[in-house]
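Listed here are the chains, written in short residue letters.
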Amino acid sequence: MVFVNKYLLSSSNLQFDAPLFITWFQCVVTVGLCWLLAQIAKYQPGLIKFPAFSIDPKIAREIMPLSFVFVGMITFNNLCLKHVSISFYMVVRSLTTVFNVVLTFIFFGEKTSHKALGCCGIIITGFLLGIDQEKGLGSLSLAGVFFGVSASLFVALNAIYTKKSLNFVENNIWKLTMYNNVNACIIFIPFILLFGEHNEIFSFPLLFDSFFWFTMVIGGVLGFSMGYVTSLQIQATSPLTHNVSGTAKAYAQTLLGVFYFNEIKTFLWWASNVFVLLGAALYSHVRNQEMKAKHRESLENPQKDAGIKNIENEDQIRDSSQLKN
């Protein structure tokens, strides 16, 4: 998906400067797929299970804070990708874990262990080293760094608001996806007009090109599929397994970006990637060990069991946001 979006956002063949429109269209594709799956589930209930496609205005209003955060998250993600290389995308987007820790303290008053903070320190070291090396290579984009840091912040916020919003849709992740993307389709429109992207759209020479629209649809389908697979993986395994998988995906993505575009990187540039990956992996391990310790404590002290389960659920939502995008 990252490669498809990179092509759409900054390909010299397209030169289509409308990142908000591209992101809006991917939300439209997601809504269309939700409707399609709802119809299949309605007429072939034995084939798949999917909630009915219906929008309650009251629920949509309750979901709106999450939707604004969601719009910010995917917009900054794509703007970051527009300004940085695929190989550097992982490093510049690596502060999600750090923001998770900060926002958890702000929203829930939950303190983080020294071990987990040490892991965050490793990630920050990799982030700063990566920026220094990218600058030395002459390919640093300050706009890309700003959008990357902003995207990381919004990914962390999205995890928190997702947890809060699930209560409005009976804890059904697909209902939340449906409402969230319907809201996002509406929210994007005034911003597309405000930033003048409608002029870029109508003057785009490939507006009626079939390959362009095929690529746009593929980007939307891949985005929807990633959300589906991520949800299944978290439900079937654990946040730790999901984060290990995300770390492997991010590393493979970096390698593919370097080799596909024939980039030459310094030793310290690669070291920055190792710091980020190592810090993220160690953080996942530390958080997993802490959750196991809480679970053992709940078995020894049943009175605290309910509260600890709630904390574990919040940990799962928050930690699963790492490297998801």
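Residues numbered from 1 in each chain as written. Predicted model: local features only at pLDDT ≥ 70, side-chain atom pairs only at ≥ 80, totals over all residues. Heavy atoms only, no water.

**Q** So what about the overall build of the protein? Which residues, and what values?
**A** Of the regular secondary structure elements, the protein holds 13 helices and zero strands. Counting helices and strands in the order they occur from the N terminus, the protein gives α-α-α-α-α-α-α-α-α-α-α-α-α. A burial count over the protein gives 47% of its 325 residues as buried. Taking all contacts inside the protein whose residues are at least 6 apart in sequence as the whole, residues at least 24 apart take part in 81%. (Helix = DSSP H or I, 4+ residues; strand = E, 2+ residues; numbered from the N terminus. Buried < 20%, exposed > 50% of the residue type's maximum accessible area, 1.4 Å probe, protein only. Contact = heavy atoms within 4.5 Å.)

**Q** Any details on the side chain of Asn181? Residues and values, ideally.
**A** Relative to the assigned elements, Asn181 resides in helix H8 (residues 173-194). Here Asn181 falls in the buried class, since its relative accessible area comes to 5%. If we skip the residues at most four places from it in the chain, Asn181 touches Cys27, Thr30, Val31 and Phe70.

**Q** Tell me about the packing of helix H2 (residues 19-43) against H8, and please be specific about residues and values.
**A** Between H2 and H8, the least distance of the axes is 9 Å, while the angle of their chain directions is 150°. The pairing of H2 with H8 is recorded here as roughly antiparallel in orientation. Crossing handedness for the pair H2 and H8: left-handed. Mapping the contact onto sequence places Leu20, Phe21, Thr23, Trp24, Cys27, Val28, Thr30, Val31 and Cys34 in H2 and Thr177, Met178, Asn181, Val182, Ala184, Cys185, Phe188, Ile189, Phe191 and Ile192 in H8. In terms of residue class, the contact of H2 with H8 is built from 15 nonpolar, four polar and no charged. (Axes fitted to C-alpha atoms, helices over the stretch in contact; angles between N-to-C directions. Parallel < 35°, antiparallel > 145°, perpendicular 65-115°, else oblique. Left-handed = near helix turned anticlockwise from the far one by under 90°. Nonpolar A, V, L, I, M, F, W, Y, C, P; charged D, E, K, R; others polar.)

**Q** Tell me what's going on with the nonpolar core, and back it up with residues and numbers.
**A** Grouped burial of nonpolar side chains is what soluble globular proteins tend to show. Counting 59 residues, the largest nonpolar core has Phe16 and Phe188 as its most contacted members. It is helix H3 (residues 57-83) that provides the largest number of residues to this core, a total of eight residues. In contact with Phe188, other than residues within four places in its own chain, are Leu20, Thr23, Trp24, Cys27, Val71, Ile74 and Thr75. Within the second largest apolar cluster, 14 residues are counted, among which are Ala41, Ile63, Tyr179 and Phe224. (Core = buried A, V, L, I, M, F, W, Y, C linked by side-chain atoms within 4.5 Å.)

**Q** Break down the packing of aromatic side chains for me, with residues and values.
**A** Under the counting rule described, the total for this entry stands at 20 aromatic pairs. A centroid spacing of 5.3 Å and a plane angle of 85° characterise the contact between Phe16 and Phe212, whose relative ring orientation is edge-to-face. Of this pair, Phe16 sits in the loop between helix H1 (2-10) and H2 while Phe212 sits in helix H10 (residues 210-236), and the two are 196 residues apart along the sequence. By relative accessible area, which is 2% here, Phe16 ends up buried. Classification of Phe212 by relative accessible area gives buried; the value is 2%. (Phe/Tyr/Trp six-rings, centres within 6.5 Å; stacked < 30°, edge-to-face > 60°.)

**Q** Requested: an account of the pattern of salt bridges, with residues and values cited.
**A** Within the structure shown, the criterion is met by seven salt bridges. Arg287 serves as the salt-bridge partner of Glu110, at 3.6 Å between the closest nitrogen and oxygen. Of the two residues, Glu110 is situated in the loop between helix H5 (96-108) and helix H6 (114-136) and Arg287 in helix H12 (residues 267-300); the sequence distance between them amounts to 177 residues. Since its relative accessible area comes to 17%, Glu110 is described here as buried. We note a salt bridge from Glu290 to Arg287, for which the minimum N-O separation is 2.9 Å. Here Glu290 pairs with Arg287, and both are found in helix H12, just three residues apart, close to one helical turn. It is possible to trace a salt-bridge network through shared partners that takes in Glu110, Arg287, Glu290 and Lys294. (Salt bridge = Lys/Arg side-chain N within 4 Å of Asp/Glu carboxyl O.)

**Q** Give me the packing of H3 against H8: which residues, what numbers.
**A** Packing of H3 against H8 leaves a shortest axis separation of 8 Å and a crossing angle of 70°. Our classification of the angle between H3 and H8 gives roughly perpendicular. For the crossing formed where H3 meets H8, the hand is right-handed. Residue-level contacts link Ile59, Ala60, Ile63, Met64, Leu66, Ser67, Phe68, Phe70, Val71, Ile74 and Thr75 of H3 to Leu176, Tyr179, Asn180, Asn181, Asn183, Ala184, Ile187 and Phe188 of H8.

**Q** Give me a nonpolar patch on the surface: which residues, what numbers.
**A** A cluster of nonpolar residues, Met1, Phe211, Phe214, Ile218 and Leu222, forms a patch on the protein surface that exposes about 430 Å² of accessible area. Mapped onto the secondary structure, Leu222 falls in helix H10. (Patch = residues over 30% accessible without salt bridge, like charges linked within 9 Å, V, L, I, M, F, W, Y side chains within 5 Å. Areas by Shrake-Rupley, 256 points an atom, 1.4 Å probe, with all protein chains shown as cover.)

**Q** Which residues make up the environment of Val155, and what are the values?
**A** Tracing the chain through its elements places Val155 in helix H7 (residues 142-165). The class for Val155 is buried, based on a relative accessible area of 2%.

**Q** Tell me about the environment of Ser67, residues and numbers included.
**A** One can find Ser67 in helix H3. For Ser67, a relative accessible area of 0% corresponds to the buried category. Spatially, the C-alpha atoms of Ser67 and Ile187 are 8.2 Å apart, while their sequence positions differ by 120 residues. When residues no more than four places from it in sequence are discounted, the contact partners of Ser67 are Tyr179, Asn180, Asn183 and Ile187.

Note that every value here comes from positions in space, so none of it alone points to a role or purpose.
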